[in-house]
Amino acid sequence: MATLVTFHAHPDDECIVTGGVMRKAFEEGHRVVLVVATRGEAGEIPDFLEPGEELWQRRVEETYAAADLLGVARVEFLGYLDSGMMGDELNERPGSFWTADVEEAARKLAAILQEENAKALTIYDSFGGYGHPDHIQVHRVGKRAAEIAGTPAVYRAMVKESEFREAMRRAGEAEPPPLGEDAVPESEINVGVDVSKYLDVKRAAMRAHASQIPEHSFFLALDDETFAHVFDTEWFIREGHGQETTLDL
């Protein structure tokens, strides 16, 4: 049995980009650990919070519910504040993940990697997928943490923009502007893991994050064929390696 650690910026990120490989690792007998940098305080406020309930409290509960579905043995939050979208005033508030000292945050994550004797770590690509400050910081912190801990395999999770845009067209959704020249090109992807066996679990984990992924959301409103087209393979970059079809555990 090996340990896979997945490092994410906010609650719900884990099921979208790595939910399949997390469940796959669990089904194959490995230990899965989820580390989340923030509690998602800057997310959308749903209308079903209980009186006095804070959004972060609900999102933490949702994370544990999703983690149970994905086979996660341990959940840890690093305790930073959600930085909001790039350019938001929340970027610079004290305690935000975007303003965190990379070395300090990396040592927090490295301690978990060392405790778990982690064989593999998932982070994000250097652009954070779509330029979100907390996702970019996950890349920076995760890369440095793996260096400190000596974690042998680091996978940078990506969503293929081309597939995502095709799904939006199929669903009749308005497409956002192109990611721009700072985005990591799909040509750098060299790991594609087939997670088609776990799509039902992946979608159920998304559904567990009801405050941010309601039934009418893009993710849950997709028909089964289109959902599979976008999510039946999870994509990564692993530097220094050729084409791979699974994580090295």
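Above this text sits the structure in question.
This one's a predicted model, so the numbers in the text were calculated from it and none came from an experiment.

A. Region of interest: the overall build of the protein chain. Helices and strands together make up the secondary structure of the protein chain, namely ten helices and seven strands. Rg of the C-alpha trace for the protein chain: 17 Å, near the compact-globule value of 18 Å for 249 residues, within the 12% margin. Here the C-alpha coordinates of the protein chain stretch approximately 45 × 40 × 40 Å along the principal axes. Looking at the protein chain as a whole, 53% of its 249 residues are labelled buried. Relative to all contacts within the protein chain whose residues are 6 or more apart in sequence, the contacts with residues 24 or more apart total 77%. For the protein chain, the exposed area adds up to about 11200 Å²; of that, 48% sits on carbon and sulfur atoms.

B. Geometry of the sheet that holds strand 2 (residues 31-38). Overall, mixed pairing links the seven strands, which are arranged 3-2-1-4-5-7-6 in an open sheet. A strand with exactly one partner marks an edge of an open sheet, and here the two such strands are strand 3 (74-80) and strand 6 (191-194). Between one strand axis and the next, the sheet turns through 25 degrees on average, direction left out of account. Pairing of strand 5 (residues 153-158) with strand 7 (residues 233-237) involves three bridges; the strand directions are antiparallel. By the bridge assignment for strand 7, Arg156 is matched with Ile237.

C. Geometry of helix 4 (residues 102-116). The end-to-end C-alpha distance of helix 4 is 21 Å, a good match for the 21 Å that 15 residues give at a rise of 1.5 Å each. Along helix 4, the residues classified as buried are Ala105, Ala106, Leu109, Ala110, Ile112, Leu113 and Glu116. Packing partners of the buried residues in helix 4 comprise strand 1 (3-8), strand 2, strand 3, strand 4 (120-124) and helix 6 (133-149). Of the residues flanking the start of helix 4, the one acting as N-cap is Asp101, its side-chain oxygen 3.2 Å from the backbone nitrogen of Glu103. The first or second residue beyond helix 4 is Asn117, which carries a positive phi of 50 degrees.

D. Quick look at the packing of aromatic side chains. Tallied over the full model, the rule gives nine aromatic pairs. With a centroid separation of 5.7 Å and 70 degrees between ring planes, the pair formed by Phe218 and Phe219 is classed as edge-to-face. Overall, Phe219 belongs to the buried group, its relative accessible area being 16%. Taken together, the aromatic side chains of Phe164, Phe218, Phe219, Phe227 and Phe231 make up a single cluster linked through ring pairs. Above the face of the Trp235 ring, Lys160 is positioned so that its terminal group lies 3.8 Å from the ring centre. Across the ring face of Phe227, the terminal group of Arg203 is positioned such that the distance to the ring centre comes to 4.1 Å.

E. The arrangement of unusual backbone geometry in detail. Notably, Asp12 is not glycine yet its phi reads approximately 95 degrees, a positive angle. You can see Asp12 is positioned in the loop between strand 1 and helix 1 (13-17). Positive phi values are uncommon outside glycine, yet Asn117 reaches one of about 50 degrees. One can find Asn117 in the loop between helix 4 and strand 4. Under the relative-accessibility criterion, Asn117 is labelled exposed at 65%.

Reading the values: rules and limits
- Residues numbered from 1 in each chain as written.
- Predicted model: local features only at pLDDT ≥ 70, side-chain atom pairs only at ≥ 80, totals over all residues.
- Heavy atoms only, no water.
- Helix = DSSP H or I, 4+ residues; strand = E, 2+ residues; numbered from the N terminus.
- Rg over C-alpha atoms; globule rule 2.2 N^0.38 Å.
- Buried < 20%, exposed > 50% of the residue type's maximum accessible area, 1.4 Å probe, protein only.
- Contact = heavy atoms within 4.5 Å.
- Areas by Shrake-Rupley, 256 points an atom, 1.4 Å probe, with all protein chains shown as cover.
- Pairing = 2+ DSSP bridges.
- Axes fitted to C-alpha atoms, helices over the stretch in contact; angles between N-to-C directions.
- Expected span 1.5 Å × (residues − 1).
- Polar contact = N/O pair within 3.5 Å; in protein donor to acceptor, adjacent residues only side chain to side chain.
- Phe/Tyr/Trp six-rings, centres within 6.5 Å; stacked < 30°, edge-to-face > 60°.
- Lys NZ or Arg CZ within 6 Å of the ring centre and 35° of its normal.

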